Amino acid sequence: KLNLNSNFINNNGIISLANILKDNITITDLDLSFNKFNFEVASNLKEVIMFNKTIMTLYLDNNNLGDPGIFILVQGLIENNTLRKLYISDNNINIKGAKAIARALLFNKSIMELDIFNNNVSDEGTIALANTLESNDTITKIILSGNNISDNGAIALGNILKINKSITDLNISNNQISHIGAI
């Protein structure tokens, strides 16, 4: 495991690190959470996701990837078949970013855990993710807590739970769900 959590690694540091990790064959968990990089290094991270065949857990929490970074990052997810857990909480991901993640999950069949906690995917992004989960039988855990989801998003997820038999852990706490959307 390479844990670089809570440092001051900026874009230049991520570029250097990505060049090393693309070909690394020993690191299985990479934690880059709580650093100082943004969407400008997403293409470097995409290459790590595409070419590294040993990283199974990737923590990118609490950086500033935003939708522009997610658009690039998910291109790597489409090509990847080894990453099992992806943590991208607190990255300013909105509806468009959630839709990009949903599209990538149509192709990626290795991700088992997805943490998008504390972004702003809202109902529209949640519905896109729910629609993907209808045909994705790999994901077992998804965290959408703190994403401005209301009853419509909760209902979409509830309907998917009737169909999808792989999800064992769904966290939609800290949203705006009333008794109408309660699952």
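Keep in mind the model is a prediction, meaning the values are calculated, not measured.

Criteria and thresholds
Chains are numbered independently. Their residues run from 1 in the order of the written sequence. Side-chain atom pairs in this predicted model are given and counted only at pLDDT of 80 or more, local residue features only at pLDDT of at least 70, and totals for whole chains, interfaces and linings cover all residues. To get the side-chain values, take all heavy atoms of the structure and skip hydrogens and water. When a carboxyl oxygen of Asp or Glu lies within 4 Å of a side-chain nitrogen of Lys or Arg, that pair is called a salt bridge. Numbering goes from the N terminus for both helices and strands, where a helix is a DSSP run of H or I of at least four residues and a strand is a run of E of at least two. Buried means the residue's accessible area, taken with a 1.4 Å probe over protein chains only, is under 20% of the maximum for its type, while exposed means over 50%, and partly exposed covers the values in between. Note on aromatic contacts: the rings of Phe and Tyr and the six-membered ring of Trp form a pair at centre separations within 6.5 Å, being stacked when their planes are under 30 degrees apart, edge-to-face when over 60 apart, and tilted otherwise. Buried and open spaces are told apart on a 1 Å grid over the protein atoms alone, a cavity being a set of points where a 1.4 Å probe fits but cannot get out and a pocket being an open set with protein on both sides within 12 Å along at least five of seven lines. Residues with an atom within 4 Å of a point are the lining residues. Grid points are joined across faces, edges and corners, and a volume is the space filled by probe spheres set on the points. Only Asp, Glu, Lys and Arg are considered charged, only Ala, Val, Leu, Ile, Met, Phe, Trp, Tyr, Cys and Pro nonpolar, and every remaining residue, Gly among them, polar.

Sorry if this is basic, but what is going on with the pattern of salt bridges here?
Where charged atoms from two side chains of opposite charge approach closely, those side chains can pair. Applying the stated criterion across every chain, the model contains three salt bridges. With a shortest N-O distance of 3.2 Å, Lys22 and Glu47 are connected by a salt bridge. One end of the pair, Lys22, is in the loop between helix H1 (11-21) and strand E2 (29-31); the other, Glu47, is in helix H2 (residues 42-51), with 25 residues separating them in the sequence. On the basis of relative accessibility, which here comes to 29%, the residue Glu47 falls in the partly exposed class. Between Glu124 and Lys99 there is a salt bridge; the shortest N-O distance is 2.5 Å. Of this pair, Glu124 sits in helix H5 (residues 122-133) while Lys99 sits in helix H4 (residues 95-107), and the two are 25 residues apart along the sequence.

Just checking my understanding: could you explain the packing of aromatic side chains for this structure?
We describe a pair of aromatic rings using the distance from one ring centre to the other and the angle between the two ring planes. Inspection of every chain in the model, using the stated rule, returns one aromatic pair. Judged by centre distance (4.6 Å) and plane angle (10 degrees), the ring pair of Tyr59 and Tyr87 falls under stacked. One end of the pair, Tyr59, is in strand E3 (residues 57-59); the other, Tyr87, is in strand E4 (residues 85-87), and 28 residues separate them in sequence. A relative accessible area of 12% places Tyr87 in the buried class.

Sorry if this is basic, but what is going on with empty space enclosed by the protein here?
To locate leftover empty space, one rolls a probe as large as a water molecule over the atoms. Taken as a whole and assessed by the stated rule, the structure comprises two cavities of 30 Å³ or more. Taken together, Val48, Ile49, Asn52, Ile55, Leu58, Asn80 and Leu83 make up the lining of the largest cavity. Classifying every residue of the lining of the largest cavity gives five nonpolar, two polar and no charged. In terms of lining residues, the second largest cavity is bounded by Ile70, Leu73, Val74, Leu77, Leu86, Ile88 and Ile101.

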